[in-house]
Amino acid sequence: MSKVLDKAFLESVFPPERTEAFFDALFGGAEEGAYDIVLVCRSEGEGKAELAFELHQRPGKCLACNLTYGLPQVFQRHPILNVAGVARAVAEKLGWPIFVKPANAGSSVGISKVADRAALEKGVEIALREDDKVVFEEFVDAQEVECAAIGNPDDPSTVSTTRPGEILAGAEFYTYDDKYKNGVSQTVIPAHLSEEKLDEVRAEARKAYLALGCSGLSRCDFFVERGTGRVLCNELNTLPGFTSISMYPKLMEHEGYSYPALVDKLLTLAVHRRKGAY
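A few points on the structure.

**Regarding the pairing of strand β9 (residues 216–225)**
Across a regular strand the side chains alternate sides, sitting on one face of the sheet and then on the other.
Consideration 1: Burial analysis of β9 places ten of its ten residues in the buried class, which makes it a mostly covered element.
Consideration 2: Taken together, the ten bridges between strand β5 (residues 142–151) and β9 define a ladder with antiparallel strand orientation. By the bridge assignment for β9, E144 is matched with F223.

Printed below as a string of C-alpha cells:
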C-alpha cells in the first residue's frame, strides 16, 4: 500500500499525458479514499472529494439528512477514551437496540447490533479493531432497499437511477458472512414494494446522488419504515461491490446493462466528464 500512496510511483504507472481513465477495483481497507487524493488521472467512479468524503461514510449520512430527508439518528465519536461514558450517553440519546459500526469499513465488517450497555461496550471494542472512529445508529424497523445510480452531475439530465431491489438476509441483518460465506441470502429485483413506493425511492436516490455531488456511480441505500412508509436515506456507497453477487451490477443488469456494457459505460463517463469539474 505504501507504493499506492506514493505520488511519484503513481505518475510513473499512470503518466498524466497518456492516462484517460482507470477502473477502480480496490476492496477492503484501501477503499477509504486516501489513495485517490494523489491520483493524477480520472476515475470511472467518484471524484477525489466524493471518494474521501463518502468513504468516511457517516458525514455523508448527515449531509443527506440536511439536504433532503430524514435519517435514523447518527451519533459519532472520534477516538474513544471513556467507553463506559460514551455507552451511557449513546443509550440515552438513541434508545435500544443500537447499531455500532466502524466509521471507515465496508461489507458490514465490524458491525454489531446491541441491546444493552454491556453489548454496546463490546460492540465498540469490535468496531475499534477496524477504525479509530465509531458510529452509533438508531435502529429503525424498516425494509432495506437499494438503488443503483449512474451519471455525471455536470449534466444532471443524464443522471439516472434504477428501481430499488432488496436483499433478503439469512441473518438478523446483512452481515459479512451472509454476504460472502453462507450463500443463503436472496436478491429480489424489484423490491417488494408498491409501484408508487418503488418510484418514490428511485426519485429520492437521484436527489441524494445529485445533492452529494457524486459522479460515475453509487449504490443508494434506503430504509422504508414499516407502519409509516417513510423513505429514509441510509447512505450512499460510492465504491459499491462488483462481484457476481453484488447488488449494483445486478440492478443495472435488470435495467438492460450487461456486465461488459456497464464497465464500458462507466469508463465512457470517466473519459467524458468535464475536465476540472471535480
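**What about the state of the cysteines?**
Consideration 1: A complete count under the given rule lists zero disulfides for this structure.
Consideration 2: Between C233, a cysteine without a disulfide, and C220, which holds the nearest cysteine sulfur, the sulfur-to-sulfur distance is 7.1 Å.

**Observations concerning the nonpolar core**
Consideration 1: Formed by 19 residues in total, the largest nonpolar core has its most connected members in V145, L193, V201, C220, F222 and L236.
Consideration 2: At the level of secondary structure, the elements contributing two or more residues to this core comprise β5, α7 (195–211), β9 and β10 (231–237).
Consideration 3: Discounting chain neighbours no more than four positions away, the residues touching C220 are V145, E146, C147, A149, A205, E235 and L236.
Consideration 4: The next biggest cluster of nonpolar side chains, apart from the first, holds 13 residues, and it includes V90, I98, V100 and A127.

**Details of the pattern of salt bridges**
Consideration 1: Per the counting criterion, the structure on display carries 13 salt bridges.
Consideration 2: Note that K122 and E125 form a salt bridge whose closest N and O atoms lie 3.4 Å from each other. Remark: E125 and K122 occur in helix α5 (residues 117–128); sequence separation between them is three residues, near one turn of the helix.
Consideration 3: Using a relative accessible area of 41% as the deciding quantity, one classes E125 as partly exposed.
Consideration 4: Ionic pairing is found between E125 and R129, a salt bridge with its closest N-O pair at 3.3 Å.
Consideration 5: The exposure class of R129 is exposed, given its relative accessible area of 54%.
Consideration 6: A single salt-bridge network, built from bridges that share partners, covers K122, E125 and R129.

**A few points about the sheet that holds β9**
Consideration 1: Strand order in this open sheet of four strands is β6-β5-β9-β10, and the pairing throughout is antiparallel. Whereas interior strands pair on both sides, the edge strands pair on one side only; in this sheet they are β6 (160–161) and β10.
Consideration 2: Strand direction decides the pairing type here: β5 and β6, joined by two bridges, are antiparallel. When the sheet's bridge partners are listed, I150 is paired in β6 with S160.

**Structural notes on the side chain of E146**
Consideration 1: With respect to the element layout, E146 can be found in strand β5.
Consideration 2: In terms of polar contacts, E146 uses its side chain to reach the side chain of R219, at 3.4 Å.
Consideration 3: Apart from residues no more than four positions distant in its own chain, E146 is found in contact with R163, P164, G165, I167, R219, C220, D221, M247 and L251.

**Section: the packing of helix α4 (residues 83–94) against α5**
Consideration 1: The interhelical angle for the contact between α4 and α5, taken along N-to-C directions, is 120°, at an axis separation of 10 Å. Put simply, α4 runs oblique to α5. Regarding α4 and α5, the two cross each other, and that crossing is right-handed. Here V83, A84, A87, R88 and V90 of α4 lie close against α5, whose contacting residues are R117, L120, E121 and V124.
Consideration 2: Looking at the contact of α4 with α5, its residues break down into six nonpolar, no polar and three charged.

**As for α7**
Consideration 1: For α7, with 17 residues, the first-to-last C-alpha span of 25 Å sits near the 24 Å given by 1.5 Å per residue.
Consideration 2: Buried residues of α7: K197, L198, V201, E204, A205, A208 and Y209, and no others. Each buried residue of α7 sits inside an arc of 140° when the element is viewed along its axis, so together they form one side. In α7, the exposed residues that point more than 90 degrees away from the buried face are E195 and E196.
Consideration 3: Among the structural elements, β5, β6, β9 and β10 are those in contact with the buried residues of α7.

**Details of the environment of V134**
Consideration 1: By the secondary structure assignment, V134 is in strand β4 (residues 134–138).
Consideration 2: Sequence-wise, V134 and N104 are 30 residues apart; in three dimensions their C-alpha atoms are separated by 8.6 Å.

Criteria and thresholds
Residues numbered from 1 in each chain as written. Predicted model: local features only at pLDDT ≥ 70, side-chain atom pairs only at ≥ 80, totals over all residues. Heavy atoms only, no water. Buried < 20%, exposed > 50% of the residue type's maximum accessible area, 1.4 Å probe, protein only. Helix = DSSP H or I, 4+ residues; strand = E, 2+ residues; numbered from the N terminus. Pairing = 2+ DSSP bridges. Disulfide = S-S within 2.5 Å. Core = buried A, V, L, I, M, F, W, Y, C linked by side-chain atoms within 4.5 Å. Contact = heavy atoms within 4.5 Å. Salt bridge = Lys/Arg side-chain N within 4 Å of Asp/Glu carboxyl O. Polar contact = N/O pair within 3.5 Å; in protein donor to acceptor, adjacent residues only side chain to side chain. Axes fitted to C-alpha atoms, helices over the stretch in contact; angles between N-to-C directions. Parallel < 35°, antiparallel > 145°, perpendicular 65-115°, else oblique. Left-handed = near helix turned anticlockwise from the far one by under 90°. Nonpolar A, V, L, I, M, F, W, Y, C, P; charged D, E, K, R; others polar. Expected span 1.5 Å × (residues − 1). Arc of directions from axis to C-beta.

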